Amino acid sequence: MQKLDQTLDRVMKCLMAFSMLSLVIGGFWQIFTRWILGNPSTFTEEFMRYMLIWASMIGSAYCFYKDKHLALDLFKRKAKGKVAVILNIFIEAMILFFVIYVFVYGGSRMAMNATNASSVMQIPFKILYLVMPLSGIFIVVGRVLKYIQLYLDAKEAKNKEVV
């Protein structure tokens, strides 16, 4: 379990690092070709737009995985006892439903049904749209790992109480 958690963490960090590095290199190349060579590169704007989309989607999945995302927890903070447990289960179930339906299912359908290509680089939109189901899978796997860890922690705490 810990190994899977570390692997997921490493894969998302590597994807984010690659996309951010490519944004920096692409930005540098655009400035270099425009101001030094006097002939701006035609593909860098489109390339950087797509890399920004990938960086933001993978980054948001990573924030969700680490529980560092923006959350409105007004009701969650006020709830106590069994109401808090039921509310947390409901919130997590709705999050999973939304991510599976919109990101994984909807993103997969969007990627598989895309028929056009980008105007300058001629990359199929299928590749661009694959970030939706990929980030959705990262979120779902991260949440499932969190649920398993919470269960194991609760079971260990219960065992300590018995002893």
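Residues numbered from 1 in each chain as written. Predicted model: local features only at pLDDT ≥ 70, side-chain atom pairs only at ≥ 80, totals over all residues. Heavy atoms only, no water.

Visitor: Quick rundown of the overall build of the protein chain? Include the residues and the values.
Guide: Check the secondary structure of the protein chain and you find six helices and zero strands. A compact globule built from 163 residues would reach a C-alpha radius of gyration of about 15 Å, whereas the protein chain, at 21 Å, exceeds it by more than 25%. For the C-alpha atoms alone, the extent of the protein chain along its principal axes is close to 75 × 30 × 30 Å. Looking at the protein chain as a whole, 29% of its 163 residues are labelled buried. Partitioning the contacts of the protein chain with sequence separation of at least 6, the portion at a separation of at least 24 is 73%. For the protein chain, the separation between the mean place of its 19 positive charges and that of its 10 negative charges on side chains is 2 Å. (Helix = DSSP H or I, 4+ residues; strand = E, 2+ residues; numbered from the N terminus. Rg over C-alpha atoms; globule rule 2.2 N^0.38 Å. Buried < 20%, exposed > 50% of the residue type's maximum accessible area, 1.4 Å probe, protein only. Contact = heavy atoms within 4.5 Å. Lys, Arg positive; Asp, Glu negative; His and termini not counted. Charge placed at Lys NZ, Arg CZ, Asp CG, Glu CD.)

Visitor: Please provide a residue-by-residue account of a nonpolar patch on the surface, values included.
Guide: A surface patch of nonpolar side chains, about 780 Å² in accessible area, is lined by W29, I31, W35, I36, L37, F43 and V120. Tracing the chain through its elements places L37 in the loop between α1 (2-36) and α2 (44-65). (Patch = residues over 30% accessible without salt bridge, like charges linked within 9 Å, V, L, I, M, F, W, Y side chains within 5 Å. Areas by Shrake-Rupley, 256 points an atom, 1.4 Å probe, with all protein chains shown as cover. Salt bridge = Lys/Arg side-chain N within 4 Å of Asp/Glu carboxyl O.)

Visitor: Just give me the short version of the nonpolar core, but keep the residues and values in it.
Guide: Counting 18 residues, the largest nonpolar core has L8, M12, F103, F138 and I139 as its most contacted members. In this structure, F138 is in contact with L8, V11, M12, L15, I58 and A61, ignoring residues within four places of it in sequence. (Core = buried A, V, L, I, M, F, W, Y, C linked by side-chain atoms within 4.5 Å.)

Visitor: Any chance you could break down the packing of aromatic side chains for me, citing the residues and the numbers?
Guide: Summed over the entire model, instances satisfying the criterion amount to nine aromatic pairs. Note on F125 and Y129: the rings are 5.7 Å apart at their centroids and 25° apart in plane angle, and the pair reads as stacked. One end of the pair is F125 and the other is Y129, both in helix α5 (residues 125-129) and four residues apart, which spans about a single turn. We classify F125 as buried; its relative accessible area is 15%. A connected cluster of aromatic rings, assembled from ring pairs, spans F28, W29 and F32. (Phe/Tyr/Trp six-rings, centres within 6.5 Å; stacked < 30°, edge-to-face > 60°.)

Visitor: How would you sum up α2? Please name residues and give values.
Guide: With 22 residues, α2 should cover 32 Å at 1.5 Å per step; its first-to-last C-alpha distance of 31 Å lies within 8% of that length. Listed as buried for α2 are T44, E46, Y50, M51, A55, M57, I58, G59, A61, Y62, F64 and Y65. Of the residues flanking the end of α2, it is D67, one or two places downstream, whose phi is positive at about 55°. (Expected span 1.5 Å × (residues − 1).)

Visitor: Pulling in residues and values, what's your account of the state of the cysteines?
Guide: Per the counting criterion, the structure on display carries zero disulfides. Here C14 stays free of any disulfide, with the sulfur of C63 as its closest cysteine sulfur at 16 Å. (Disulfide = S-S within 2.5 Å.)

Visitor: Describe the side chain of T44, and please don't skip the residues or the numbers.
Guide: Of note, T44 is situated in helix α2. What makes T44 buried here is its relative accessible area of 1%. Dropping the residues within four chain positions of it, T44 is found in contact with G26, W29 and Q30.

Visitor: Help me get a handle on the pattern of salt bridges, residues and values and all.
Guide: Applying the stated rule across the entire model yields seven salt bridges. Between E45 and R49 there is a salt bridge, with the nearest N and O atoms lying 3.6 Å from each other. Of this pair, E45 and R49 both sit in helix α2, four residues apart, which is roughly one turn of that helix. Classification of E45 as exposed rests on a relative accessible area of 58%. One salt bridge connects R143 with E92, and the closest N-O pair in it is separated by 2.8 Å.

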